[in-house]
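# Analysis of the macromolecular model
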Amino acid sequence: QVQLVETGGGLVQAGGSLTLSCEASGRTFNIYQLGWFRQAPGKERELVAAIRWIFGGTDYADSVKGRFTISKDNAKNTVYLYMNNLKPEDTATYYCATRLRGNPYDYWGQGTQVTVSS
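In this report, the structure presented in the accompanying data block is examined. (Residues numbered from 1 in each chain as written. Predicted model: local features only at pLDDT ≥ 70, side-chain atom pairs only at ≥ 80, totals over all residues. Heavy atoms only, no water.)

## Brief notes about the side chain of threonine 93
- Positionally, threonine 93 belongs in strand β9 (residues 92–100).
- Here glutamine 113 takes part through its side chain, which lies 2.9 Å from a polar atom of the side chain of threonine 93.
- Not counting chain neighbours up to four residues away, the residues in contact with threonine 93 comprise Phe37, Arg38, Gln39, Gly111, Thr112 and Gln113. (Helix = DSSP H or I, 4+ residues; strand = E, 2+ residues; numbered from the N terminus. Polar contact = N/O pair within 3.5 Å; in protein donor to acceptor, adjacent residues only side chain to side chain. Contact = heavy atoms within 4.5 Å.)

## So, unusual backbone geometry
- Here asparagine 77, not a glycine, exhibits a phi torsion of approximately 50°, which is positive.
- Here asparagine 77 lies in the loop between β7 (68–73) and β8 (78–83).
- For asparagine 77, a relative accessible area of 23% puts it in the partly exposed group.
- Of note in the backbone geometry, asparagine 85 takes a positive phi value of approximately 50° without being a glycine.
- Within the secondary structure, asparagine 85 is located in the loop between β8 and β9.
- By relative accessible area, asparagine 85 is classed as partly exposed at 43%. (Buried < 20%, exposed > 50% of the residue type's maximum accessible area, 1.4 Å probe, protein only.)

## Overview of the pattern of salt bridges
- Within the structure shown, the criterion is met by 4 salt bridges.
- A salt bridge links aspartate 90 to arginine 38, with the shortest nitrogen-to-oxygen separation between them at 2.9 Å. One end of the pair, aspartate 90, is in the loop between β8 and β9; the other, arginine 38, is in strand β4 (residues 31–39), with 52 residues separating them in the sequence. For the pair shown, aspartate 90 and arginine 38 are each scored as buried. (Salt bridge = Lys/Arg side-chain N within 4 Å of Asp/Glu carboxyl O.)

## Some points on the nonpolar core
- Core analysis: the largest hydrophobic core is formed by 30 residues, its most contacted members being Trp36, Leu81, Met83 and Tyr94.
- Those elements that place two or more of their residues in this core are β1 (2–7), β3 (18–26), β4, β5 (46–52), β7, β8, β9 and β11 (112–117).
- The contacts of tyrosine 94, once residues within four sequence positions are left out, are Glu6, Leu20, Trp36, Phe37, Arg38, Val48, Phe68, Leu81, Met83, Gly111, Thr112 and Val114. (Core = buried A, V, L, I, M, F, W, Y, C linked by side-chain atoms within 4.5 Å.)

## A few points about the environment of glycine 66
- In this structure, glycine 66 sits in the loop between β6 (58–60) and β7.
- According to the relative accessible area criterion, glycine 66 is exposed, its value standing at 79%.
- Separated by 43 residues in the primary sequence, glycine 66 and glycine 109 have C-alpha atoms spaced 25 Å apart.

## Considerations on the side chain of glutamate 6
- The topology assignment puts glutamate 6 in strand β1.
- This buried residue, glutamate 6, is left without a salt bridge; arginine 45 holds the nearest opposite charge, at 8.5 Å.
- Within the structure, the side chain of glutamate 6 is placed 2.8 Å from the backbone nitrogen of cysteine 96, a separation counted as a polar contact.
- A distance of 2.9 Å separates a polar atom in the side chain of glutamate 6 from the backbone nitrogen of glycine 111.
- Those residues in contact with glutamate 6 that sit more than four places away from it in its chain are Ser21, Cys22, Trp36, Tyr94, Tyr95, Cys96, Gly109, Gln110, Gly111 and Thr112. (Lys, Arg positive; Asp, Glu negative; His and termini not counted.)

## Some remarks on the pairing of β3
- When β1 meets β3, the two strands line up antiparallel, connected through 6 bridges. Among the inter-strand pairings, leucine 4 is bridged to a residue of β3, identified as alanine 24.
- Note that β3 and β8 share 6 bridges and pair antiparallel. In the strand pairing of β8, serine 21 is matched with tyrosine 80. (Pairing = 2+ DSSP bridges.)

So this is what it looks like as structure tokens:
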């Protein structure tokens, strides 16, 4: 089992910045990739950013590329999402999820709410 806990959500004005953290615990030694997803009411869950645990390769959704940065601290079993120049359309519940090598995203955090006001 892998447990994930997200922190850092909150209310921010458009153009502002926010940092989300996701701490993993449990069977973390087989983690292949960690990802940030978000889901707004009435919308599909969307992969925002992902990072490979060992070598650090990253992927970003087109909607956030250039504004968001995903990073990791392996010693802390933690992944971060630095969100800059936030827009109202970024408002969503953000979830951290992890893939073990050779597996889909099977482990999910509880989510943290991000609200961007105009």
